[in-house]
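Listed below are the residues making up each chain.
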Amino acid sequence: QQQVKQSPQSLIVQKGGISIINCAYENTAFDYFPWYQQFPGKGPALLIAIRPDVSEKKEGRFTISFNKSAKQFSLHIMDSQPGDSATYFCAASKPGGYQKVTFGTGTKLQVIP
Amino acid sequence: GAGVSQSPRYKVAKRGQDVALRCDPISGHVSLFWYQQALGQGPEFLTYFQNEAQLDKSGLPSDRFFAERPEGSVSTLKIQRTQQEDSAVYLCASSLAGVGRIYGYTFGSGTRLTVV
């Protein structure tokens, strides 16, 4: 059962372009939505996160847009750079409990010069 | 150490063999998670420890999988009678108590298990 659906599976963007990755969730109990970045041979690392009471959060070139009614959220990477080439995972977690994170299936981003 | 350390980095096991994967979390990190990441997929939750207590093992796929953290620091994930479907990267993550989902968990680089 895929609780967090992510698309596209892979993405090629030219340097300087905008990379957009989309995610959707079903469980309305989720209240925290992080994005993780993973480089080959490394574990995922937290990139940016948002709560559903905010429609947008921006940190540098990275922006999360959140649509609570549609249960969708997306990551925008502005001015994409070759160093951004990595796999990106959207994720979700519920309040309380053990705070485990449920990950999407990942998007492999390649930024070409 | 400065990060989460996992060993071995790579493990090749023959089908039916038992394996043990080790995780050294960041000192002082109370919360410890194990995740399984199949090729081309996102990490999937296996089990959670708070100190030495295993509070959630709902993600362990079968009774061949066993995890422990006897002194609340180092953790070991053991897989008995390995099967080909166990081939994956096993990730360990840790955090201070109660703040992992906010500030992010620190993941290790994982152990890539290949069952032949």
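Given the structure is predicted, the values throughout are model-derived calculations rather than measurements.

Student: Got a sec to walk through the overall build of chain A? Specific residues and values, please.
Tutor: Across its full length, chain A carries 0 helices and 11 strands. The linear arrangement of helices and strands in chain A, starting from the amino end, is β-β-β-β-β-β-β-β-β-β-β. The C-alpha radius of gyration computed for chain A amounts to 13 Å, which stays within 12% of the reference 13 Å derived for 113 residues, consistent with globular compactness. With the principal axes as the frame, chain A shows a C-alpha extent of 45 × 30 × 20 Å. The buried share of chain A, reckoned over its 113 residues, is 43%. Considering only intrachain contacts with a sequence separation of at least 6, the fraction spanning at least 24 residues in chain A is 54%. Within the structure as shown, chain A displays about 5600 Å² of accessible surface, and the carbon and sulfur contribution to it stands at 49%. Taking the average location of the 12 positive side-chain charges in chain A and that of its 7 negative ones, the two points are 6 Å from each other.

Student: So what's going on with the environment of Phe66 of chain A? Residues and values would help.
Tutor: Along the polypeptide, Phe66 of chain A turns up in strand 7 (residues 62–67). Dropping the residues within four chain positions of it, Phe66 of chain A is found in contact with Tyr25, Phe33, Ile50, Pro52, Val54, Ser55, Gln72 and Phe73 of chain A.

Student: Tell me about the interface of chain A and chain B, residues and numbers included.
Tutor: Taken together, the contact between chain A and chain B spans 21 residues of the former and 25 residues of the latter. Between chain A and chain B lies a buried interface of about 1900 Å² when both sides are counted; carbon and sulfur atoms form 51% of it. Where chain A touches chain B, the interface holds 1 salt bridge. Put simply, Lys100 of chain A and Asp56 of chain B hold a salt bridge, and the shortest N to O gap is 3.7 Å. The interface formed by chain A and chain B contains 5 residue pairs in polar contact (both at pLDDT 80 or more).

Student: Explain the sheet that holds strand 1 (residues 4–7) of chain A to me, using residue names and the numbers behind them.
Tutor: In any sheet, the strands associate via hydrogen bonds between backbone groups, in a parallel or an antiparallel arrangement. Residues and elements named next belong to chain A. Reading across the sheet, the 5 strands line up as 1-3-8-7-6 and stay open at both edges, with antiparallel pairing between neighbours. Each having just a single partner strand, strand 1 and strand 6 (56–59) make up the two edges of the open sheet. Sheet twist, expressed as the mean angle between neighbouring strand axes with direction ignored, is 15°.

Student: Give me a nonpolar patch on the surface: which residues, what numbers.
Tutor: A contiguous nonpolar patch, built from Ile18, Ile20 and Met78 of chain A and spanning about 240 Å² of accessible area, is present on the exposed surface. In this fold, Ile20 of chain A is placed in strand 3 (residues 19–25).

Student: So what about the state of the cysteines? Which residues, and what values?
Tutor: Following the criterion strictly, the structure yields 2 disulfides over all chains and no others. Two residues, Cys23 of chain A and Cys90 of chain A, share a disulfide whose sulfurs are 1.8 Å apart. In this structure, the disulfide formed by Cys23 of chain A and Cys90 of chain A twists by about -95° around the S-S bond and is classed as left-handed. Residue Cys23 of chain A is found in strand 3, and its partner Cys90 of chain A is found in strand 9 (residues 86–92); the two are separated by 67 residues along the sequence. Note on accessibility: Cys23 of chain A and Cys90 of chain A belong to one class, buried. Note on cysteine connectivity: Cys23 of chain B is disulfide-linked to Cys92 of chain B, with sulfurs 1.9 Å apart. Looking down the S-S bond of the Cys23 of chain B and Cys92 of chain B bridge, the torsion is -65°, so its handedness is left-handed. With Cys23 of chain B in strand 3 (residues 19–24) and Cys92 of chain B in strand 9 (residues 88–95), this residue pair connects regions lying 69 residues apart in the sequence. Judged on exposure class, the residue Cys23 of chain B and its partner Cys92 of chain B are both buried.

What counts as what
- Residues numbered from 1 in each chain as written.
- Chains lettered and ligands numbered in written order.
- Predicted model: local features only at pLDDT ≥ 70, side-chain atom pairs only at ≥ 80, totals over all residues.
- Heavy atoms only, no water.
- Helix = DSSP H or I, 4+ residues; strand = E, 2+ residues; numbered from the N terminus.
- Rg over C-alpha atoms; globule rule 2.2 N^0.38 Å.
- Buried < 20%, exposed > 50% of the residue type's maximum accessible area, 1.4 Å probe, protein only.
- Contact = heavy atoms within 4.5 Å.
- Areas by Shrake-Rupley, 256 points an atom, 1.4 Å probe, with all protein chains shown as cover.
- Lys, Arg positive; Asp, Glu negative; His and termini not counted.
- Charge placed at Lys NZ, Arg CZ, Asp CG, Glu CD.
- Buried area = accessible area lost by both parts, 1.4 Å probe.
- Salt bridge = Lys/Arg side-chain N within 4 Å of Asp/Glu carboxyl O.
- Polar contact = N/O pair within 3.5 Å; in protein donor to acceptor, adjacent residues only side chain to side chain.
- Pairing = 2+ DSSP bridges.
- Axes fitted to C-alpha atoms, helices over the stretch in contact; angles between N-to-C directions.
- Patch = residues over 30% accessible without salt bridge, like charges linked within 9 Å, V, L, I, M, F, W, Y side chains within 5 Å.
- Disulfide = S-S within 2.5 Å.

On their own, these measurements won't tell you what the molecule is for.
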